[in-house]
Amino acid sequence: MNRLNEAEIQRYKEDGFIIPKFKFDEARIARLREHLDELMAKNPGVRPEKLVNAHVAKANAEGTRGVDAFLELAKDERLLDLVESVLGPDIVLWGCHAFCKPAGDGMEVPWHQDGHYWPIRPLANCTVWVALDDSVEENGCLQVVKGSHKEQRLFTHHRDQRDRLTLADAVDEKYVDPSRIVNLVLEPGQMSMHDVYMIHGSSENRSTRRRAGIAIRYMPATSVFERKAMEAGDDSGLKIDFSQRPLWLVRGKDASGKNDFEVGH
């Protein structure tokens, strides 16, 4: 199995993130880059940072026509082993977002907590962010505020009025400790994992290099995806309709007994 070891699990619990030792090989990443090109070609009217539902190939209410290869990626047993290390044996796949920041034109993601935007109750999730390109400070790599998840609560967010943002709301500045900001520098094929309460974001890409990655969203099946908790629309900065979002039970059982695995399929 491809599980995190005990020291890595403790570090994830303490810091709120981890970069596992596991890395996809160059051939797999080359194929995923081709599929990303396919995804962008299928969605010419969607900014490349806003390709939600990259794994849902059928027409859907959220405006992105996905590619089956990203569903295959999200179901990769090696990723599920890593996720099981922190979420337990019962795992629901509910999201897969392609973040592609073009060279010289990539949009900023403001500091935020994922849970501010999501209808998961009780709130619990692990995001696996798989790098398809080099992801470094210069081209807008993922940044986290180390340990900001520890209170396991959502902090106050506000509407960020600046232009060219991927998301509309940002966490209040007082919760972002500059001394604890960590740049998650990744090579193609590497990945990071982070907790749903982690404060994170990324800067604009003003460099000459593209930065692309796939953020895969997993929740424990002890939680419920509350489809009616948030209204459909693009108020968040992304076009979403959680009422029709498909779920996949990718490992174990639906421990809550309340998740609907038929809607959206």
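A brief report on the enclosed structure follows. (Residues numbered from 1 in each chain as written. Predicted model: local features only at pLDDT ≥ 70, side-chain atom pairs only at ≥ 80, totals over all residues. Heavy atoms only, no water.)

A short note on the packing of aromatic side chains
Part 1: Tallied over the entire structure, the rule returns 6 aromatic pairs.
Part 2: A ring pair is formed by Trp 94 and Trp 118, whose centres lie 4.7 Å apart and whose planes are at 80°; its orientation type is edge-to-face. With Trp 94 in strand β2 (residues 91-101) and Trp 118 in the loop between β3 (109-113) and β4 (120-121), the pair connects residues that are 24 residues apart, well separated along the chain.
Part 3: The exposure class assigned to Trp 94 is buried, which follows from its relative accessible area of 2%.
Part 4: Of the residues examined, Trp 118 reaches a relative accessible area of 7% and is grouped as buried.
Part 5: Relative to Phe 225, the ring of Trp 94 has its centre 5.4 Å away and its plane inclined at 40°; by these criteria the two rings are tilted. Here the residue Trp 94 occupies a position in strand β2, and Phe 225 occupies one in strand β13 (residues 224-225), the gap between them amounting to 131 residues. (Phe/Tyr/Trp six-rings, centres within 6.5 Å; stacked < 30°, edge-to-face > 60°. Helix = DSSP H or I, 4+ residues; strand = E, 2+ residues; numbered from the N terminus. Buried < 20%, exposed > 50% of the residue type's maximum accessible area, 1.4 Å probe, protein only.)

Considering unusual backbone geometry
Part 1: Here the amide bond leading from Arg 121 into Pro 122 is cis, since omega sits at -10°, within 30 degrees of zero.
Part 2: Positionally, Pro 122 belongs in the loop between β4 and β5 (126-131).
Part 3: Here the phi dihedral of Asn 53 falls at roughly 55°; this positive angle occurs in a residue that is not glycine.
Part 4: Relative to the assigned elements, Asn 53 resides in the loop between α2 (26-42) and α3 (68-74).
Part 5: With a phi angle near 50°, Gln 152 is a residue other than glycine that sits in the positive phi range.
Part 6: Within the secondary structure, Gln 152 is located in the loop between β6 (143-145) and β7 (157-159).

Quick look at the layout of surface pockets
Any empty space left between the atoms is revealed when a probe the size of a water molecule rolls over them.
Part 1: Roughly 580 Å³ of internal volume is contained in the largest pocket.
Part 2: Lining the largest pocket are 36 residues, and of these Tyr 117, Trp 118, Leu 167, Ser 236 and Leu 238 lie nearest its centre.
Part 3: Where the lining of the largest pocket is concerned, the elements lending two or more residues are β2, β3, β11 (199-202) and β12 (211-220).
Part 4: The greatest single-element share of the lining of the largest pocket, amounting to 5 residues, is contributed by β2.
Part 5: Of the residues contributing to the lining of the largest pocket, the split by class is 15 nonpolar, 12 polar and 9 charged.
Part 6: Put simply, the second largest pocket is a space of about 220 Å³.
Part 7: Taken together, 13 residues line the second largest pocket, and the ones lying closest to its centre are Tyr 12, Lys 13, Val 86, Gln 152 and Asp 195. (1 Å grid on protein atoms, 1.4 Å probe; cavity = no way out; pocket = protein on both sides within 12 Å on 5 of 7 lines; lining within 4 Å. Points joined across faces, edges and corners; volume = space filled by probe spheres on them. Nonpolar A, V, L, I, M, F, W, Y, C, P; charged D, E, K, R; others polar.)

Quick notes on the sheet that holds strand β14 (residues 248-251)
Part 1: Pairing is antiparallel across the open sheet formed by 6 strands, whose spatial order is β1-β10-β5-β12-β2-β14. Strands at the two margins of the open sheet, each flanked by one partner only, are β1 (17-18) and β14.
Part 2: In this sheet, strand β10 (residues 191-195) lies alongside β5 in antiparallel orientation, the contact comprising 5 bridges. Within β10, the residue paired with Val 128 across the bridge is Met 193.
Part 3: Contacting β2, β5 and β12, α2 crosses the sheet at an angle of about 80° to β2. (Pairing = 2+ DSSP bridges. Contact = heavy atoms within 4.5 Å. Axes fitted to C-alpha atoms, helices over the stretch in contact; angles between N-to-C directions.)

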